[in-house]
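Inside the fold
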Amino acid sequence: MPIPQVVLDTNILVSGLRSRRGSAFQILSLVGTGKFDIHLSVPLVLEYQEVLHRQSSNLYITAEDVENLIAFYCSIATRHQIYFLWRPYLPDPKDDMVLELAVKAKCDSVVTYNFRDFVGIEKFGLKVVSPVEFLITIGVLP
C-alpha cells in the first residue's frame, strides 16, 4: 500500500498543540515516522507560523517552540512551489492555497476539521478527511 500523501490544514496544528488527548495531536506525533508524508508550500508555512505565533499563549508553547516545529516540518516535508492559481475557488483564500498545494503535490487528502471550507475539492481527485478518519486510514485507530 502506498504511503498516504497529505496536506495538514492549519487547524490540525492548532488543535494538536492545544491538547495532547485528541486525534490531531496523535497525527502531529506521527509526522516524520513514515506512516504518511506531508507536503508544504511557502504560503502554508507562513500561515502556520503566523497562526501558531498568534495562538502561542493558548497553546502553551514558546515562540522558539513554534520555530523549531516549523523547521522540523520543513526538514521532513516534501516542499513545493506553486506556479498556478485557481482563486477564488473556495470561500476562504487561505483554503485556496491549501487546495493548490494538494493538487500540485498529487495528495490523497486534506486533513482538516473544516469540511465545509473544502466543499468541491473532490473534483480535483482529493478527499477531505477528519483526523480520526485519517488515523483509521493509516491503521493507527481500528
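Heads up: these notes are all about the structure in this document. All figures in this text were calculated on a predicted structure; none of them were measured in a lab.

So, how was this worked out
Residues numbered from 1 in each chain as written. Predicted model: local features only at pLDDT ≥ 70, side-chain atom pairs only at ≥ 80, totals over all residues. Heavy atoms only, no water. Salt bridge = Lys/Arg side-chain N within 4 Å of Asp/Glu carboxyl O. Helix = DSSP H or I, 4+ residues; strand = E, 2+ residues; numbered from the N terminus. Buried < 20%, exposed > 50% of the residue type's maximum accessible area, 1.4 Å probe, protein only. Contact = heavy atoms within 4.5 Å. Pairing = 2+ DSSP bridges. Axes fitted to C-alpha atoms, helices over the stretch in contact; angles between N-to-C directions.

1. Some details on the pattern of salt bridges
What the rule picks out here adds up to one salt bridge. Here Arg-54 ties to Glu-50 by a salt bridge, and the two come within 2.8 Å at their closest N and O atoms. Of this pair, Arg-54 and Glu-50 both sit in helix α3 (residues 42-59), four residues apart, which is roughly one turn of that helix. We classify Glu-50 as partly exposed; its relative accessible area is 38%.

2. A short note on helix α1 (residues 10-18)
By the burial criterion, the buried members of α1 are Thr-10, Asn-11, Ile-12, Leu-13, Val-14 and Gly-16. At its buried positions, α1 is contacted by β1 (5-8), α2 (23-30), α3, α4 (63-76), β4 (109-111) and α6 (131-137).

3. Some words on the sheet that holds β1
In spatial order, the strands read β3-β2-β1-β4-β5; together these five strands make up an open sheet with parallel pairing. Looking at strand neighbours, the two that pair on one side only are β3 (78-80) and β5 (127-129), the edges of this open sheet. Across the sheet, the axes of successive neighbouring strands diverge by a mean angle of 35 degrees, strand direction being ignored. Here two bridges tie β1 to strand β2 (residues 37-41), and the two strands are oriented parallel to one another. By the bridge assignment, Gln-5 is partnered in β2 with Asp-37. The sheet strands contacting α3 are β1, β2 and β3, and the helix crosses β2 at an angle near 95 degrees.

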